[in-house]
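A closer look at the structure
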Amino acid sequence: MTAALTERTARDATDAGDLAVQDIRQALDAVLDPELDEPITDLGFVRSIEVTRAANGAEVTVHLRLPTSFCSPNFAYLMASDSKDAIAALPGVGRVVVELDDHHDSALINAGLAADAGYRGTFGHEAEDSLDGLRLMFRRKAHTAAMERCLTEQLRADPTLTEANVGTVRLGDLPAGRTKDALVRRREALGLPTEPAAVVLVDHDGRPYPAEQVPMALRRARSTRISIDGNAHFCRGLLRTRYEGSGADQADRPEGAEPADHHHLLPFTVKETHP
């Protein structure tokens with residue numbers, strides 16, 4: 001059953017007060033696949049949403065699905081945990097159940113989420129020291145890809161601009177629009193400058209590149225962007241192959257386009273220990 005069908009059924013069959021299934025989907029818009037830099041709702045990872053009324057607030061049950069049964073357990077846990085946190089933050093929500101279906105670690109992850117055990121409490125000795133480093137790595141990759149998209153648009157729009165001098169482009173030079181907005185949000189997430197005078201092409205610490213390093217830095221950024229876009233395209237196809245009809249739950253993204261950054265992306269923090 002697709003998420004769209006489940007939502008219609010839930011809306012017709014339940015009365016959950018002011019909280020609607022669409023509110024849950026909007027909250028889940030803020031949850032990203034960390035490797036693909038896209039909302040799980042756009043990728044079709046939300047299998048079903050159910051909202052029912054209870055004495056202590058609405059009870060919400062969400063099922064997630066992934067392209068393969070062997071997707072990284074770290075990534076799977078991040079998405080499932082972030083989903084639960086995003087829903088629990090909504091007014092009027094009481095109990096939240098998020099379950100990951102058809103994954104080789106589904107039982108472990110679902111039990112950890114149900115117990116609010118946190119990452120280390122869920123995986124025990126198999127857990128890494130922290131997921132903070134993993135989050136930082138993928139935020140940096142997302143910033144690099146957004147940076148390249150902006151500069152490539154500038155190169156196409158301005159015939160006088162060359163790869164050798166894109167290092168002089170500043171945020172104030174970029175036209176307003178979705179691509180620039182995405183870059184600014186990613187810079188904010190990393191604590192990088194966002195004023196108009198800030199140079200666009202910078203390293204992970206916000207330092208501009210020397211002129212002789214600019215062409216290679218741009219090419220490396222392009223490689224990162226192509227890798228992210230390619231992986232996203234591949235995973236979308238795998239999901240459609242694994243789950244019949246799941247393509248209807250995926251937002252269209254033309255090749256090379258910026259991910260759906262109209263969503264408000266929230267800064268989630270993974271719970272590391274049992275409260």
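Up top is the structure.
None of the values given here were measured: they were computed from a predicted structure.

Rules of the game
Residues numbered from 1 in each chain as written. Predicted model: local features only at pLDDT ≥ 70, side-chain atom pairs only at ≥ 80, totals over all residues. Heavy atoms only, no water. Pairing = 2+ DSSP bridges. Helix = DSSP H or I, 4+ residues; strand = E, 2+ residues; numbered from the N terminus. Buried < 20%, exposed > 50% of the residue type's maximum accessible area, 1.4 Å probe, protein only. Polar contact = N/O pair within 3.5 Å; in protein donor to acceptor, adjacent residues only side chain to side chain. Salt bridge = Lys/Arg side-chain N within 4 Å of Asp/Glu carboxyl O. Axes fitted to C-alpha atoms, helices over the stretch in contact; angles between N-to-C directions. Contact = heavy atoms within 4.5 Å. Phe/Tyr/Trp six-rings, centres within 6.5 Å; stacked < 30°, edge-to-face > 60°. Lys NZ or Arg CZ within 6 Å of the ring centre and 35° of its normal.

1. Some thoughts on the pairing of strand β3 (residues 46-52)
A regular strand places its side chains on the two faces of the sheet in alternate fashion. When β3 meets strand β4 (residues 58-64), the two strands line up antiparallel, connected through six bridges. Following the sheet pairing, Glu 50 is matched in β4 by Thr 61. Following β3, the chain reverses through five residues before pairing antiparallel with β4; Gly 57 in that reversal takes a positive phi of roughly 115 degrees.

2. Side note on the side chain of Arg 65
Structurally, the position occupied by Arg 65 is in the loop between β4 and α4 (73-88). Residue classification places Arg 65 among the buried residues on the basis of a relative accessible area of 2%. A polar atom in the side chain of Arg 65 sits 2.9 Å from the side chain of Asp 249.

3. What about the pattern of salt bridges?
Overall, the coordinates contain 15 salt bridges when judged by the stated rule. In this structure, the salt-bridge partner of Arg 225 is Asp 229, at a minimum N-O distance of 3.5 Å. You can see Arg 225 and its partner Asp 229 sitting in helix α9 (residues 214-242), four residues apart, about one turn around the helix. Asp 229 matches Arg 225 in its accessibility class, with the two residues each being buried. What emerges from the salt-bridge pattern is a single network uniting Glu 148, Arg 149, Glu 163, Arg 219, Arg 222, Arg 225 and Asp 229.

4. Some thoughts on the environment of Arg 25
With respect to the helices and strands, Arg 25 occurs in helix α2 (residues 21-28). Look at Arg 25 and you get buried, because its relative accessible area is 17%. C-alpha separation for the pair Arg 25 and Ser 48, spaced 23 residues apart in sequence, amounts to 10.0 Å.

5. Considering the sheet that holds strand β5 (residues 93-100)
Strand order in the open sheet made by the three strands is β3-β4-β5, with mixed pairing throughout. The two strands at the open ends of the sheet, each matched to only one other strand, are β3 and β5. The mean angle between the axes of side-by-side strands here comes to 10 degrees, regardless of whether they run parallel or antiparallel. As paired elements, β4 and β5 share six bridges and run parallel to each other. Of the residues in β5, the one forming a bridge with His 63 is Glu 99. Against the sheet, α2 touches β3 and β4, its axis set at about 135 degrees to β3.

6. Description of the packing of aromatic side chains
Note on aromatic pairs: each is described by the distance of the centres and the angle between the planes. Enumeration according to the criterion identifies four aromatic pairs in this entry. Ring geometry for Phe 75 and Phe 138: centres 5.2 Å apart, planes at 85 degrees, overall edge-to-face. Note that Phe 75 is positioned in helix α4 and Phe 138 in helix α7 (residues 132-157), a separation of 63 residues in sequence. Relative accessible area serves as the criterion here: at 14%, Phe 75 is assigned to the buried category. For Phe 138, a relative accessible area of 8% gives the class buried. Above the plane of the ring of Tyr 243 lies Arg 65, whose end atom (NZ or CZ) is 5.6 Å from the centre.

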